[in-house]
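# Residue-level structural notes
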Amino acid sequence: MRRWLCQEKDSIVGKYLDSFTLSEERMAAVTVSHTMKFTKQNFFFLVGGMIIYVVDIVVDFWVASRYFCQGQYSWSIWIMCFRGLSSTITQLFSYEWFKNDWEGTDTGKLKLVFLAHLLHCGIFIRYWFALKYGCQAAFKQTSGRGASEEDPSNFIQKQAIDAVTDINMLRVFKTFLETTPQLFLQIYILMEHGKTHFYQYAAMMMSFCGISLSMVDYQISLRKSLPDKEEFHVLSKFVYLFYKLLTITSWILSISLITLLSVRISVILLIFLWICGFTWTLKQHTTFCRSKKMEYLYRTVVGIILIFSFFNIKGRRTKDCISIYYATHTVVTLGILFVYIFWKASIIKEIYFTIVSILTILSLVLGIIFLVVYYSHFHPTTYCRPQPYSDEIDGVAGQKVRVKIGRFQNFLMQ
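Residues numbered from 1 in each chain as written. Predicted model: local features only at pLDDT ≥ 70, side-chain atom pairs only at ≥ 80, totals over all residues. Heavy atoms only, no water.

Under an unreviewed UniProt entry, the name given to the protein chain is XK-related protein, and the source organism is Serinus canaria. Recorded under Sequence similarities (unreviewed entry), the UniProt text for the protein chain is reproduced unchanged: "Belongs to the XK family." (UniProt positions renumbered as here; feature names shortened; annotations may be inferred.)

Shown next as structure tokens:
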């Protein structure tokens, strides 16, 4: 994987070498099993993701300007705040990864990269590298099955996968720092005022597209970046997509309803959920970043992500955790609906409440069903199983036994 969290774990290596003697043939087999293929389909997904990313930026500024022109300054400011916060955090992580990946290289190049990130254009540098390596890997390189990681074609394949993986990690941040909150904001505005405009539907459509593509691409990167994982087939993609999209939609509708009831209660609930997510992340002792400051920023962001959707932070079995998580969401959702029925009887006569209630319950039930199906039949549970050379050790590179841990290996699992 990448050089940033690809540090050599000498103590771990020593322990594993004492317990397991890997012949050169077995080392080659491990490398080949971990050799990742960047296909033409992956390249087209990359291009599609970049197009949606650019269109999403344009739509955000368009919607914000429309609200501003209509005198809805608060909505315009909220949209730009979500955009600014998301962009700032993704730029920080992106530059930190560049700085660690290019450690010991030309400082002039790093200064240009810093300037690009300062101007919030760092993601486009990553897209340029991903398109460059992706084009070579998908259209110009042919990787032999018996080739080692040192082979030029396999090296290009790995470069392409690594570049796309970094982008997908950043897009996960963006999805839950900007796209999901903006979807919540647009739904709340729609429910609060009742008046609809085309740009509102455009914003919601882009949010759904962004969430969908981000979740699927993230899962594809997870399958490619962890050893001994099966390919992410079409059926499993759809099951995973519907599980995530439906549960997130149900929860956003629930939060919108409680915000409509009381903004103060909604803020208190979101802060409480963030504290719970952040505390749980602290107890997991994550090791995603080198510096303590960036690690705490990562944990803060994960706390925000856990408000909207469950992710397995350490790649361990979390059946109890995920059961508690979605049981809590179900109880809170039903509680909100009961509050409306018994204390806000006048509101339930409104047609929008009936529609929103049906959508909330239906998406929650279907989302849970897809969740059960996914974890029962399509979830790559092999990363939970202790393996002598792939549990903590990501792969073997070179003739010497040098074991490296990938950046994605310490990122959000599923």
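## What about the nonpolar core?
Soluble globular proteins tend to pack their nonpolar side chains together in the buried interior. Phe38, Phe93, Phe173, Phe176 and Leu257 are the most contacted members of the largest nonpolar core, which has 88 residues in total. Tallying contributions element by element places helix α7 (residues 152-193) first for this core, with 19 residues. Phe176 has contacts with Pro181, Met215, Ile248, Ile304, Ile305, Phe308, Ser309 and Phe311, leaving out every residue within four places of it along the chain. Grouped together as the second largest cluster of nonpolar side chains are five residues, Tyr95, Trp102, Leu110 and Val113 included. (Core = buried A, V, L, I, M, F, W, Y, C linked by side-chain atoms within 4.5 Å. Buried < 20%, exposed > 50% of the residue type's maximum accessible area, 1.4 Å probe, protein only. Helix = DSSP H or I, 4+ residues; strand = E, 2+ residues; numbered from the N terminus. Contact = heavy atoms within 4.5 Å.)

## Describing unusual backbone geometry
One non-glycine residue, His120, lies in positive phi territory at about 60 degrees. Within the secondary structure, His120 is located in the loop between α5 (107-118) and α6 (122-140). Even without being a glycine, His285 presents a positive backbone phi close to 55 degrees. Tracing the sequence through the fold places His285 in the loop between α10 (263-283) and α11 (292-308).

## Some points on a nonpolar patch on the surface
The grouping of Leu334, Phe338, Ile341, Phe342, Trp343, Ile358, Ile361, Leu362, Val365, Leu366 and Ile369 at the surface amounts to a nonpolar patch, some 1,100 Å² of accessible area in total. Secondary structure elements with two or more residues in the nonpolar patch: α12 (319-343) and α13 (351-378). Ranked by residues supplied to the nonpolar patch, first place goes to α13 with six residues. (Patch = residues over 30% accessible without salt bridge, like charges linked within 9 Å, V, L, I, M, F, W, Y side chains within 5 Å. Areas by Shrake-Rupley, 256 points an atom, 1.4 Å probe, with all protein chains shown as cover. Salt bridge = Lys/Arg side-chain N within 4 Å of Asp/Glu carboxyl O.)

## Considering the pattern of salt bridges
This model, assessed by the stated rule, comprises ten salt bridges. The closest approach of N and O atoms between Arg171 and Asp217, which form a salt bridge, is 2.9 Å. Here Arg171, found in helix α7, pairs with Asp217, found in helix α8 (residues 198-225); they are 46 residues apart in sequence, far enough to count as distant. Of the two residues examined, Arg171 and Asp217, each falls in the buried class. The partner of Lys174 in a salt bridge is Glu178, and the shortest N-O contact between them spans 3.5 Å. Of this pair, Lys174 and Glu178 both sit in helix α7, four residues apart, roughly one helical turn. The burial state of Lys174 is the same as that of Glu178; both residues are buried.

## Quick notes on the environment of Gly122
Locating Gly122 in the fold gives a position in helix α6. Sequence separation between Gly122 and Ser94 is 28 residues; the distance between their C-alpha atoms is 6.9 Å. Dropping the residues within four chain positions of it, Gly122 is found in contact with Gln91, Ser94, Ala116 and His117.

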